[in-house]
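# An overview of the molecular structure
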Amino acid sequence: MKILVLNSGSSSIKFQFIDTDEQKAVAKGLAERIGIKGSKIKYQRPQEPEVHFEGDILDHQMAIEYILGILKSDKYGVVKDLSEINAVGHRVVHGGEKFKESALITDEVIKEIEETSDLAPLHNPANLKGIYAIKALLPDVPQVAVFDTAFHQTMPEHAYMYALPYSLYELYKIRRYGFHGTSHRYVSLKAAEFLGLEYAKQKIITCHLGNGASVAAIKNGNSIDTSMGLTPVEGLIMGTRTGDLDVGAFIHILEKEKISPQIGRVLINKHSGVLGISGISSDMREIEEAAGKGNHRAQLALDMYAYRVKKYIGAYTAAMNGLDILVFTGGIGENSDVMRKMICSELEYLGIEIDDSKNNGLRGKAQVISTDDSSVKVVVMPTNEELMIALDTEYIINK
Ligand code: ADP
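Residues numbered from 1 in each chain as written. Predicted model: local features only at pLDDT ≥ 70, side-chain atom pairs only at ≥ 80, totals over all residues. Heavy atoms only, no water.

## Focus: the overall build of the protein
Check the secondary structure of the protein and you find 15 helices and 14 strands. Computed over the C-alpha atoms, the radius of gyration of the protein is 21 Å, within 12% of the 21 Å expected from 2.2 N^0.38 for a compact globule of 399 residues. Looking at the protein as a whole, 49% of its 399 residues qualify as buried. By sequence separation, contacts in the protein at least 24 residues apart represent 62% of the contacts at least 6 residues apart. With the model as given, the accessible surface of the protein reaches about 18900 Å², and the carbon-plus-sulfur share is 51%. (Helix = DSSP H or I, 4+ residues; strand = E, 2+ residues; numbered from the N terminus. Rg over C-alpha atoms; globule rule 2.2 N^0.38 Å. Buried < 20%, exposed > 50% of the residue type's maximum accessible area, 1.4 Å probe, protein only. Contact = heavy atoms within 4.5 Å. Areas by Shrake-Rupley, 256 points an atom, 1.4 Å probe, with all protein chains shown as cover.)

## Thoughts on helix 3 (residues 124-137)
Between its first and last C-alpha atoms helix 3 spans 20 Å; for 14 residues at 1.5 Å apiece the expected length is 20 Å, and the two agree. Among all positions in helix 3, only Asn-124, Ala-126, Asn-127, Leu-128, Gly-130, Ile-131, Ala-133 and Ile-134 are buried. Tucked into the core, helix 3 has its buried residues touching strand 1 (2-8), helix 1 (60-71), strand 6 (87-92), helix 2 (107-116) and strand 8 (143-147). (Expected span 1.5 Å × (residues − 1).)

## Side note on the packing of aromatic side chains
Each aromatic ring pair is described using two quantities: the centre-to-centre distance and the angle formed by the ring planes. Scanning all chains against the criterion turns up six aromatic pairs. Note on Phe-15 and Tyr-43: the rings are 6.3 Å apart at their centroids and 20° apart in plane angle, and the pair reads as stacked. Taken as a pair, Phe-15 in strand 2 (residues 13-19) and Tyr-43 in strand 4 (residues 40-44) lie far apart in primary sequence, 28 residues in all. Consider the rings of Phe-99 and Phe-147, whose centres lie 4.3 Å apart with planes at 15°: the pair is stacked. Here the residue Phe-99 occupies a position in the loop between strand 6 and strand 7 (103-104), and Phe-147 occupies one in strand 8, the gap between them amounting to 48 residues. When its relative accessible area of 2% is taken as the criterion, Phe-147 is described as buried. A connected cluster of aromatic rings, assembled from ring pairs, spans Tyr-160, Tyr-166 and Tyr-169. Lying over the aromatic face of Tyr-169, Lys-173 brings its terminal NZ or CZ to 4.9 Å of the ring centre. (Phe/Tyr/Trp six-rings, centres within 6.5 Å; stacked < 30°, edge-to-face > 60°. Lys NZ or Arg CZ within 6 Å of the ring centre and 35° of its normal.)

## Details of the layout of surface pockets
There is about 300 Å³ of room inside the second largest pocket. Here the residues of the lining of the second largest pocket sort into five nonpolar, five polar and four charged. (1 Å grid on protein atoms, 1.4 Å probe; cavity = no way out; pocket = protein on both sides within 12 Å on 5 of 7 lines; lining within 4 Å. Points joined across faces, edges and corners; volume = space filled by probe spheres on them. Nonpolar A, V, L, I, M, F, W, Y, C, P; charged D, E, K, R; others polar.)

## Digging into the packing of helix 2 against helix 3
Two numbers describe a pair of packed helices, the interaxial angle and the distance between the axes. Between helix 2 and helix 3, the least distance of the axes is 9 Å, while the angle of their chain directions is 160°. The angle between helix 2 and helix 3 places the two elements in the roughly antiparallel class. In the packing of helix 2 onto helix 3, the handedness of the crossing is left-handed. Counted together, Asp-107, Ile-110, Ile-113, Glu-114 and Thr-116 of helix 2 and Asn-124, Leu-128, Ile-131, Tyr-132 and Lys-135 of helix 3 form the full contact between these two elements. Taken together, the residues of the contact of helix 2 with helix 3 break down into five nonpolar, two polar and three charged. (Axes fitted to C-alpha atoms, helices over the stretch in contact; angles between N-to-C directions. Parallel < 35°, antiparallel > 145°, perpendicular 65-115°, else oblique. Left-handed = near helix turned anticlockwise from the far one by under 90°.)

## As for unusual backbone geometry
Phi is positive for Gln-23, which is not a glycine, with a value near 55°. Tracing the sequence through the fold places Gln-23 in the loop between strand 2 and strand 3 (24-32). Phi is positive for His-180, close to 60°, though the residue is something other than glycine. Note that His-180 resides in the loop between helix 5 (166-172) and helix 6 (181-195).

## A word on the sheet that holds strand 13 (residues 367-368)
Either a parallel or an antiparallel arrangement is found when strands of a sheet pair, and the pairing is made through backbone hydrogen bonds. The strand order across the open sheet formed by six strands is 11-10-9-12-14-13, and the pairing between neighbours is mixed. Because the sheet does not close on itself, it has two edges, and the strands there are strand 11 (222-226) and strand 13. Pairing analysis gives five bridges linking strand 9 (residues 203-209) to strand 12 (residues 325-329), with the strands arranged parallel. For Cys-207, the partnering residue across the bridge sits in strand 12 and is Phe-328. Relative to strand 12, helix 6 is tilted by about 125°, and along the sheet it contacts strand 9, strand 10 (213-219), strand 11, strand 12, strand 13 and strand 14 (377-380). (Pairing = 2+ DSSP bridges.)

## As for the pairing of strand 14
Every other side chain in a regular strand lies on the same face of the sheet, so the side chains alternate between the two faces. As paired strands, strand 12 and strand 14 are joined by four bridges and run parallel to one another. When the sheet's bridge partners are listed, Val-327 is paired in strand 14 with Val-379.

## Some thoughts on the site of the ligand
Neighbouring the ligand are 14 residues, the closest being Asn-211, Asp-283, Met-284, Arg-285 and Gly-331. Take Asp-283: an N or O atom from its side chain is 2.4 Å from an oxygen atom of the ligand. Note that an oxygen atom of the ligand is positioned 3.3 Å from one of the backbone N or O atoms of Ile-332. In isolation the ligand has 580 Å² of accessible area, and contact with the protein removes 71% of it. Secondary-structure elements contributing two or more residues to the shell around the ligand are helix 10 (284-292) and helix 12 (330-335). (Near = heavy atom within 4 Å. Polar contact = N/O pair within 3.5 Å; in protein donor to acceptor, adjacent residues only side chain to side chain.)

None of this, on its own, says anything about what the molecule does.
As structure tokens, this is what we get:
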């Protein structure tokens, strides 16, 4: 099947046109600055140079109209006719408690995604714009929504509830949902397959370490816990997010600095994490470089980052009563041998032993990096959320 995968943000749309038989993108790109001066579309086909198109893009529908135009253009196209697009798969951030797996988009599903927007006010409305646009432009093409939260819907109640008054859950559905589900599912499946092990019988911890970062505990194929919560702020230290933080400390800061909850939200999402601690950057490459030159706060950011991941590995090993496979993915997990080594050091008690000769210098490639004696297999597995969305879209349509 040929599937167009869309990840619509508030002012951008990432797209990939994927051939699911080949499991490969035949074209991909990004429309940026939608509705803002200086809009453009970057577009690339494998083994071809990237091309840029500039011009006003007023809204998401216009952006998608241009993208479809490029996909069937004589010069850059990959289809002769838009009828070659069998389906469109959308990344949708929040599926609430309603969506436990991907869903064929109907008017009812759209209404339910709209209702869930309350839980992801920055993301779901943007994702919906992509859905409305395709409905208008390709009304006969089936669309599927693939939710970041769906994979974690198997978490048991004792893992997803917050110890708040129960009425807040009943009133507003305040609970932990988790995100990056598409990535955790993809890399855990791929890692088991790579090792030749039966997925449904493994205890797996997946560390998705990118700008946003989360860990998931996957027991017998089901996510039983994950580090992000109601929002993506909980859990690991991220590029610019705090991760776990004493809510008492947060309220104390609001009172001391006399700032509103809205500004407080910006503080914990955009000015904290690796950037906040180091004062240098949110980019791990720059932090590693600065730490290498002896910068104390950069080193502190690395130490805190690794320590937080390590604590979650310990916690989730306990939650699953053991561990078979530890997976690293995301920009940092796939590329930073330094961070992988820091996280895995002194975890021999849990059966985790890294082989430096396999870990050192490994970037962006699927590989086992544990020693032959390590009872836990440690694997680097590049994520591919777009491919997972395409495969899920195909699965839902065939169902
Ligand atoms: P996003 O969550 O935005 O998709 P990515 O998964 O691309 O982000 O991850 C971005 C992070 O990966 C950045 O912190 C970047 O510094 C880090 N990264 C990429 N390459 C390397 C590398 N070679 N060494 C260390 N960190 C890297």
